[in-house]
Amino acid sequence: MLDTRPLLLNTDFPPLTRAALQTLQVNLGYLCNLSCTHCHVNAGPKRRELMDRDVADLALEFIHRKNIRILDLTGGAPEMNPHFRYLVTQARAMDVEVIDRCNLLILLEPGYEGLAAFLAEQGVTITASLPCYLEENVEKQRGKGIYDGSITALNKLNALGYGRRDDLQLNLVYNPVDLNLPPAQSGLEADYKRILAEKFGIVFNQLFTITNMPISRFGGMLLAKGLYNKYMDILKDNYAEANLATVMCRTLLSVDYQGYVYDCDFNQMLKLPLIATNRPKLHLKDLLDENLEGRGIAVGEHCYGCTAGQGSSCGGALDG
Ligand code: SF4
Ligand code: SF4
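Residues numbered from 1 in each chain as written. Chains lettered and ligands numbered in written order. Predicted model: local features only at pLDDT ≥ 70, side-chain atom pairs only at ≥ 80, totals over all residues.

Okay, the pairing of strand S2 (residues 70-74) next. With 4 of 5 residues buried, S2 lies mostly within the body of the structure. Note: strand S1 (residues 23-27) against S2, 5 bridges, orientation parallel. Within the sheet, the bridge partner assigned to Asn 27 lies in S2 and is Thr 74. In this sheet, strand S3 (residues 97-102) lies alongside S2 in parallel orientation, the contact comprising 4 bridges. Across the sheet, residue Leu 71 finds its bridge partner in S3, namely Val 98. In this fold, the crossover linking S2 to S3 by way of helix H3 (residues 84-93) has right-handed handedness. (Buried ≥ 20, exposed ≤ 12 C-beta atoms within 10 Å, placed from the backbone. Helix = DSSP H or I, 4+ residues; strand = E, 2+ residues; numbered from the N terminus. Pairing = 2+ DSSP bridges. Right-handed = clockwise from strand over helix to strand, strands pointing away.)

This is the structure in structure tokens:
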């Protein structure tokens, strides 16, 4: 696969500094039941990298010491990590909000039949990818049969109270299929809500629109098709300075499956280390006694993906 990394490091993107830490985003490994074309971690069923119990315990200690309020679990399919349930129950026992970035289909896989009920019992917030409300677009991006499976899983979550009860938040994620920036989040959310309710009786809380980043699998596709410069021009032409104040790296720390830390999930994939401490490759255990507030963030050309248009983060548009 072609790699955009060398093209991203020289940048005129403005400097960013960290605010108070609120969220620990933990990547539990690259194993996934799916292999989506837009996947920025190149996850799939053949990947074997998984966070072990020692690193999971370190993440819990970090959360406790730093009084972090949100644990955001990503992958791969984070639920496929054998320590997933342990991490969730321990974090919930500390009254930390836990977000599970769920691909929905995992809820239907053999061996995972009790997963949805476990998530509901623990009051885990589910943020689930459904890249479009149209079957054709979902299958183009994620593969055949994904749309029907996603609908079945959403029905299952609704039946458990997700999207209906205040304590069971169900949010959906939209990624554009092509080179376009996402449309206005609020208008698209209204369309999703209307169509999913009319066709399937599905309800959910919020829609998060997320811009495709010019890295990993999507970046490789841009290079292979000669579209990299065109896509970067779109991101830069739509640069919105106001989004600098709320880009997610200001309040989030990203941890890989081995416990190494980065300013965000995208920097993790690009192996761009934290610049906050001027040390080369930092581990979570090196930061137990560090305060990162006010320190710098490692930026690159890909950061224009976070600031274009209405802005983009793991929690959707930044101007919403
Ligand atoms: S479900 Fe998510 S982690 Fe898995 S391949 Fe698709 S985008 Fe990647
Ligand atoms: S890619 Fe986005 S979240 Fe990551 S460092 Fe750049 S601006 Fe921050």
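The description of two helices packed together rests on the angle between their axes and the distance between the axes. Closest axis-to-axis distance for the helix H2 (residues 53-66)/H3 pair is 10 Å, and the angle between their directions is 15°. On the basis of the axis angle, H2 is roughly parallel to H3. Where H2 crosses over H3, the two elements pack in a sense that is right-handed. Every residue of H3 that contacts H2 at Ala 56, Leu 60 and Ile 63 is listed here: Tyr 86, Leu 87, Gln 90 and Ala 91. (Axes fitted to C-alpha atoms, helices over the stretch in contact; angles between N-to-C directions. Parallel < 35°, antiparallel > 145°, perpendicular 65-115°, else oblique. Left-handed = near helix turned anticlockwise from the far one by under 90°. Contact = placed C-beta atoms within 7 Å.)

Before going further, it helps to spend a moment on the sheet that holds strand S5 (residues 170-174). On the basis of which strands lie adjacent, the open sheet formed by 8 strands has the order S6-S5-S4-S3-S2-S1-S7-S8 and mixed pairing. The sheet is open, and its two borders are formed by strand S6 (207-209) and strand S8 (261-262), each paired with just one other strand. Inspection of the sheet shows strand S7 (residues 252-255) paired to S8 by 2 bridges, in the antiparallel sense. Considered in S8, the bridge of Val 255 is made with Val 261.

Along the chain, the position of Gly 149 falls in helix H6 (residues 146-159). For the pair Gly 149 and Leu 252, spaced 103 residues apart in the sequence, the C-alpha separation amounts to 32 Å. Those residues within four positions of Gly 149 in sequence are excluded, and the remaining contacts are Leu 104, Leu 105 and Leu 108.

Our focus in this paragraph is unusual backbone geometry. Gly 75 connects to Gly 76 through a cis peptide bond whose omega is 20°. Following the sequence through the fold, Gly 76 ends up in the loop between S2 and H3. Here the phi dihedral of Asp 95 falls at roughly 65°; this positive angle occurs in a residue that is not glycine. When you line up the elements, Asp 95 lands in the loop between H3 and S3. What makes Asp 95 exposed here is the crowd of 7 C-beta atoms within 10 Å. The backbone of Ser 216 shows a phi angle near 45°, a positive value even though the residue is not glycine. Note on placement: Ser 216 falls in helix H8 (residues 216-224).

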